[in-house]
Amino acid sequence: MHDKTDVLDQRSADDFLNIELARDAILLFANSVLHYDFDDRYEQHFYRRKLRPHVLKYLDFSTPASVDQLLSYAVLSANRVLGAMYETDFLLLPSGPAMEFDEKEFDEFYAPGRRAAAACAMPYLEKYLFSFLGQEIAVGGSWTLPRVEEYFGHILSQDAASESLATRAIAASKDPKNAGQDWLLQLAPDFLLESSPMARYASGSFGDLGTSLFKVIIDELGYGEFDTKHSTLFENTLRSADLNHVPHHYWQYYLNSSLLLSNYFNMITRDKRHFFRYVGAIYYAETAFITGCRQWADTLKNSIPGLDVRYFNEHCHIDVDHSRMVMSNLVRPAIERYGDRAANDIVRGFEESRWLGEWAEKDFQTQIAWKDKAAHYHEAHDRIFDAVAAKAAAGEVKAETFVEPAGELSITHCHDEDELCHINSGVMEFINGFGKSTRLEAGKGIVIEHNRLHGALIESDECNYTIYTIRDVKQWV
Amino acid sequence: MGVKSLTGDPSAGWIVAIPATRERVYIDVSERGEVRVLNDKCRHRGGPLHLCQVDQEGRLRCPWHGRELKKPRPSKALAVVAIASKNIVHFVRETAESSPDVWPVKQVVRMQRPGSISPKSAMPGRQVPN
Ligand code: FES
Ligand SMILES: [Fe+2]
Ligand SMILES: [Fe+2]
Ligand SMILES: [Fe+2]
């Protein structure tokens with residue numbers, strides 16, 4: 001008798017979750033003109049997303065990141081790669097009058113080989129980025145519908161009364177307009193493609209839950225009117241803030257945490273096992289938005305004169321309905337029908353999206369503080385340079401020297417420890433973050449705080465500079 | 001009140017007493033995010049199982065009459081959410097509108113796990129003879 005379960009006859013791979021295979025897939029995906037370094041401060045090409053791909057082979061994504069590694073460069077890099085991979089699921093076409101359609105890059109963006117590589121790498125990157133949630137957020141015991149409702153009501157009323165960290169950061173910033181613009185940018189990875197992750201659940205067969213979710217999707221898409229589509233409203237917000245509205249024009253300025261949040265919503269919609277987590281996450285998002293959008297709009301209006309806040313007003317209004325609709329037509333029937341599994345996952349998703357939203361606001365607050373301290377860190381260089389250089393000469397501090405030509409851009413990145421940048425000759429525009437630069441001349445420099453997004457652009461014909469790994473600036477002052 | 005939020009030592013355990021149903025529940029959360037919600041009453045005479053000690057063979061024994069606790073019984077009395085980096089634990093019950101819903105929560109030393117202390121390293125004073 002032939003054994004009909006004798007199927008395998010492997011020629012190259014036994015397991016498509018194999019980490020070596022996934023690593024190969026990441027490098028192959030990133031090895032593209034769409035991802036190579038290029039000297040644009042902002043993305044000028046519709047399909048390009050900078051991944052600093054030449055660095056990827058040195059990063060290790062095989063051990064899941066822990067909470068205290070979430071702001072590391074490896075996590076930033078994984079977030080960028082994963083974000084770029086997810087978007088190959090969505091149709092993106094340049095739609096504005098001034099935007100050129102680059103046929104070659106369009107084909108490259110959706111190339112079957114890259115899509116296949118992405119399919120192999122995504123579960124691996126998701127595991128690397130999101131495993132920490134399982135340890136950070138523990139959900140257990142016996143969840144019933146009345147308990148879920150009790151808990152959600154309790155947490156949401158607490159949260160509605162608390163002040164958003166992002167608005168606090170904008171109001172406290174030395175440059176509230178820039179901080180306000182920066183916050184709009186951090187919302188962009190999600191809002192410019194708003195409801196694309198959600199629409200992944202527009203397909204399938206799962207009874208009236210599908211219909212209920214579709215009702216929300218209809219509103220998100222502007223119930224058939226392009227001008228009322230939520231992403232269109234957000235494009236108008238960006239325009240009114242003197243910002244470009246093309247998706248990912250500001251790719252390089254997305255913070256680690258902003259990407260983590262938008263990737264999370266992609267993860268729980270792409271992998272259908274997470275449907276119930278999604279229901280909890282979207283319930284939190286729809287409800288928290290009612291008061292969150294009010295707070296953001298009030299602060300942003302003050303910091304950016306003439307801001308079009310219709311996007312935020314729309315959400316203060318329609319999310320009252322969305323919150324109620326998700327509770328009665330998704331949360332409740334899902335728990336009634338699918339029991340414990342649904343209830344546990346719904347609570348988990350609710351807490352996860354809450355946690356990640358708060359994390360993003362905290363990271364933003366730190367980034368604004370870092371940009372505001374540009375002058376302080378510029379001066380700090382002068383105070384500590386001699387001591388650092390002496391230790392470096394003695395081999396006690398790691399130092400690396402670079403010589404770069406005019407116009408060369410160091411794509412934004414972050415370091416895991418504090419660094420000191422010192423200019424030996426030439427001039428560098430040090431990019432402290434979105435819309436904030438410090439001009440560094442020969443003999444000058446700047447302290448670079450660990451985990452903070454920054455970049456550099458060479459202004460002189462050539463610039464020779466040294467990066468000293470000082471680990472913790474506090475040791476030196 | 002249906003939700004109680006406590007900040008405290010995440011490596012501790014908690015006891016929740018529910019007078020309405022005469023239940024007593026033991027809760028803890030492991031470093032890996034696993035939640036245990038257990039009936040704290042010994043099957044025999046209701047002894048406090050969270051005070052179980054580990055004997056020389058690594059078995060859990062009830063402090064009252066020393067019977068072995070083979071398999072702790074899960075309790076459905078409440079639900080739990082814990083956020084590790086914030087050291088916060090939420091205990092959740094439905095609000096019973098008809099009854100005054102009183103259910104005190106108390107932090108206790110974490111319950112030992114069977115075999116968690118090897119007989120040699122166990123403190124001699126805490127061992128219960130077979
Ligand atoms: S009450 Fe536990 S052994 Fe008697
Ligand atoms: Fe929306
Ligand atoms: Fe909505
Ligand atoms: Fe750098």
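In the block above lies the structure referred to throughout.
Notes on the structure in this doc start here. Please read these numbers as outputs of a predicted model, since none were measured by experiment. (Residues numbered from 1 in each chain as written. Chains lettered and ligands numbered in written order. Predicted model: local features only at pLDDT ≥ 70, side-chain atom pairs only at ≥ 80, totals over all residues. Heavy atoms only, no water.)

### Here's the deal with the overall build of chain B
Applicable threshold: Only DSSP runs of H or I covering at least 4 residues are called helices, and only runs of E covering at least 2 are called strands; the numbering of each starts at the N terminus. To sort residues, take the accessible area from a 1.4 Å probe on protein chains only and compare it with the maximum for the residue type: under 20% means buried, over 50% means exposed, and anything in between is partly exposed. Residues count as neighbours in contact if any of their non-hydrogen atoms are within 4.5 Å of one another. Accessible surface is estimated by sampling points in the Shrake-Rupley manner with a 1.4 Å probe; for residues, cover comes only from the protein chains shown.
From N to C terminus, chain B includes zero helices and nine strands. Going residue by residue from the N terminus, the α and β elements of chain B occur as β-β-β-β-β-β-β-β-β. Considering chain B as a whole, with its 130 residues, one finds that 43% of them fall into the buried category. Of the contacts made within chain B by residues no fewer than 6 positions apart, 58% connect residues no fewer than 24 positions apart. Carbon and sulfur atoms provide 53% of the accessible area of chain B, an area that totals close to 7,300 Å².

### Considerations on a nonpolar patch on the surface
Residue and element names in this part refer to chain A. Definition in use: Without a salt bridge and with relative accessible area above 30%, a residue can belong to a patch; like charges are then joined within 9 Å and nonpolar side chains (Val, Leu, Ile, Met, Phe, Trp, Tyr) within 5 Å. One speaks of a salt bridge when a side-chain nitrogen belonging to Lys or Arg is within 4 Å of a carboxyl oxygen belonging to Asp or Glu.
A cluster of nonpolar residues, Leu-91, Leu-93 and Phe-101, forms a patch on the protein surface that exposes about 310 Å² of accessible area. With respect to the element layout, Leu-93 can be found in the loop between helix H3 (73-86) and helix H4 (103-109). Classification of Leu-93 by relative accessible area gives partly exposed; the value is 43%.

### Observations regarding the sheet that holds strand E9 (residues 105-108) of chain B
All names here are of chain B. Here is the rule: Between any two strands, at least two bridges found by DSSP are needed for them to pair. Under this scheme, a helix contributes an axis fitted over its contacting stretch, all axes are lines through C-alpha atoms, and angles between N-to-C directions fall in the 0 to 180 degree range.
Spatially, E4-E3-E2-E9 is the arrangement adopted by the four strands of the open sheet, whose pairing is antiparallel. Sheet topology places strand E4 (35-39) and E9 at the edges, where each strand pairs with a single neighbour. The mean inter-strand angle of the sheet, taken between neighbouring strand axes irrespective of direction, is 25 degrees. Strand direction decides the pairing type here: strand E2 (residues 13-18) and strand E3 (residues 23-29), joined by six bridges, are antiparallel. In the strand pairing of E3, Gly-13 is matched with Asp-28.

### Some points on helix H11 (residues 208-220) of chain A
Residue and element names in this part refer to chain A. Definition in use: An expected span of 1.5 Å times one less than the residue number is assigned to each helix.
Here H11 is 13 residues long and its end C-alpha atoms lie 19 Å apart, about the 18 Å a rise of 1.5 Å per residue gives. Among the residues of H11, Leu-209, Gly-210, Ser-212, Leu-213, Val-216, Ile-217, Asp-219 and Glu-220 are the ones counted as buried. The inward-facing, buried residues of H11 contact helix H10 (196-199), helix H12 (230-240), helix H14 (275-303) and helix H15 (310-372). Of the residues flanking the end of H11, it is Gly-222, one or two places downstream, whose phi is positive at about 85 degrees.

### Here we look at the pattern of salt bridges
Under the defined criterion, the tally for this structure stands at 38 salt bridges over all chains. Between Arg-200 of chain A and Asp-89 of chain A there is a salt bridge whose closest N-O contact spans 2.9 Å. Of this pair, Arg-200 of chain A sits in the loop between H10 and H11 while Asp-89 of chain A sits in the loop between H3 and H4; the two residues are 111 residues apart in sequence, bridging distant segments of the chain. A salt bridge links Asp-382 of chain A to Lys-444 of chain A, with the shortest nitrogen-to-oxygen separation between them at 3.2 Å. With a gap of 62 residues between them, Asp-382 of chain A in helix H16 (residues 374-393) and Lys-444 of chain A in the loop between strand E6 (436-440) and strand E7 (445-448) connect regions that are remote in the sequence. Because the salt bridges share partners, they merge into one network encompassing Asp-55, Glu-57, Arg-59 and Arg-61 of chain B.

### A word on the packing of helix H5 (residues 112-130) of chain A against helix H13 (residues 256-270) of chain A
All names here are of chain A. Selection criterion: In what follows, roughly perpendicular refers to angles from 65 to 115 degrees, roughly parallel to angles under 35, roughly antiparallel to angles over 145, and oblique to any angle outside these ranges. By definition, any crossing whose near helix is turned counterclockwise from its far helix by less than a right angle is left-handed, and any crossing with a clockwise turn is right-handed.
For the pair H5 and H13, the least separation of the axes is 11 Å and the interaxial angle reads 130 degrees. Classified by the angle their axes make, H5 and H13 are oblique. Crossing of H5 against H13: the hand is left-handed. Residues Met-122, Pro-123, Glu-126, Leu-129 and Phe-130 of H5 touch H13, and the partners they reach there are Leu-260, Asn-263, Tyr-264, Met-267 and Arg-270.

### Things to note about the environment of Leu-17 of chain A
Residue position: Leu-17 of chain A is located in the segment before helix H1 (19-30). Sequence separation between Leu-17 of chain A and Cys-120 of chain A is 103 residues, and the spatial gap between their C-alpha atoms is 7.0 Å.

### Brief notes about the sheet that holds strand E1 (residues 137-141) of chain A
Strand order across the open sheet formed by four strands is E1(A)-E7(B)-E8(B)-E1(B), with antiparallel pairing between neighbours. Among the strands making up the open sheet, the edge pair consists of E1 of chain A together with strand E1 (3-7) of chain B. Across the sheet, the mean angle separating the axes of adjacent strands is 15 degrees when strand polarity is ignored. Here E1 of chain A pairs with strand E7 (residues 79-83) of chain B via five bridges, running antiparallel. Within E7 of chain B, the residue paired with Gly-141 of chain A across the bridge is Ala-79 of chain B. Sheet strands touched by H15 of chain A: E1 of chain A together with E7 of chain B. Its angle to E1 of chain A, the strand with the most contacts, is close to 155 degrees.

### Here we look at the coordination of the iron ion (ligand 3)
Each donor-metal-donor angle in an ideal tetrahedron of four donors is 109.5 degrees, and each such angle in an ideal octahedron of six donors is either 90 or 180 degrees. Residue and element names in this part refer to chain A. Quick note on the threshold: Shown as donors are all N, O and S atoms within 2.8 Å of a metal ion, widened to 3.2 Å for Na, K and Ca; because water is not in the atom set, sites may appear incomplete. In this scheme the shape depends on donor count and angles: four donors with every angle between 85 and 135 degrees give tetrahedral, four or six donors with opposite pairs above 155 degrees and others between 65 and 115 give square planar or octahedral in turn, and any other case is irregular.
For the iron ion (ligand 3), the full set of protein donor atoms is Glu-220 (OE), Glu-286 (OE), Asp-319 (OD) and His-322 (ND1), and the range of their distances to it is 2.2 to 2.4 Å. Here the iron ion (ligand 3) binds four donor atoms, and the angle range of 72 to 161 degrees at the metal identifies the geometry as irregular. Mapped onto the sequence, the residues coordinating the iron ion (ligand 3) show the spacing E-x65-E-x32-D-x2-H. Between the iron ion (ligand 3) and the iron ion (ligand 2), both coordinated by Glu-220, there is a metal-metal distance of 3.8 Å. Highlighted residues: Glu-220 in helix H11 and Glu-286 in helix H14, separated in sequence by 66 residues. Residue Glu-220 shares its accessibility class with Glu-286, and that shared class is buried.

### With respect to the coordination of the iron ion (ligand 2)
Residue and element names in this part refer to chain A. Taken together, the protein ligands of the iron ion (ligand 2) are Glu-194 (OE), Glu-220 (OE), His-230 (ND1) and His-315 (NE2), with distances of 1.9 to 2.2 Å. Taken together, the four donor atoms coordinating the iron ion (ligand 2) span angles of 82 to 168 degrees at the metal, a pattern that classifies the geometry as irregular. For the iron ion (ligand 2), the single-chain donor residues occur in sequence as E-x25-E-x9-H-x84-H. A relative accessible area of 9% means that Glu-194 is categorised as buried. The class for Glu-220 is buried, based on a relative accessible area of 4%.

### A closer look at the pairing of strand E5 (residues 428-433) of chain A
All names here are of chain A. With six of six residues buried, E5 lies mostly within the body of the structure. Across five bridges, E5 lies against E6 in antiparallel orientation. Considered in E6, the bridge of Met-428 is made with Leu-440. Once E5 ends, the chain turns through two residues before running back antiparallel as E6, passing Gly-435 with a positive phi of about 65 degrees.

### Topic: the packing of aromatic side chains
For any pair of aromatic rings, geometry is given as the distance between the ring centres together with the angle between the planes. For clarity, the cut-off: We call Phe, Tyr and Trp rings a pair once their centres come within 6.5 Å, taking the six-membered ring for Trp, and we label the pair stacked below 30 degrees between planes, edge-to-face above 60, and tilted otherwise. In our convention, an over-ring charge means Lys NZ or Arg CZ found within 6 Å of a ring centre and within 35 degrees of that ring's normal.
For the structure shown, the criterion picks out 44 aromatic pairs over all chains. Look at Tyr-42 of chain A and Tyr-253 of chain A: their rings are 5.4 Å apart centre to centre, the planes differ by 50 degrees, and that puts the pair in the tilted class. Of this pair, Tyr-42 of chain A sits in the loop between H1 and helix H2 (53-56) while Tyr-253 of chain A is found in the loop between H12 and H13, placing the two residues 211 residues apart along the sequence. Relative to Trp-296 of chain A, the ring of Phe-289 of chain A lies with its centre 5.8 Å away and its plane at 85 degrees, an arrangement referred to as edge-to-face. For the pair shown, Phe-289 of chain A and Trp-296 of chain A are each scored as buried. The rings of Phe-130, Tyr-201, Phe-206, Tyr-264, Phe-265, Phe-275, Phe-276, Tyr-278 and Tyr-338 of chain A are connected pair by pair, giving a single aromatic cluster. Lying over the aromatic face of Trp-103 of chain B, Lys-4 of chain B brings its terminal NZ or CZ to 4.6 Å of the ring centre.

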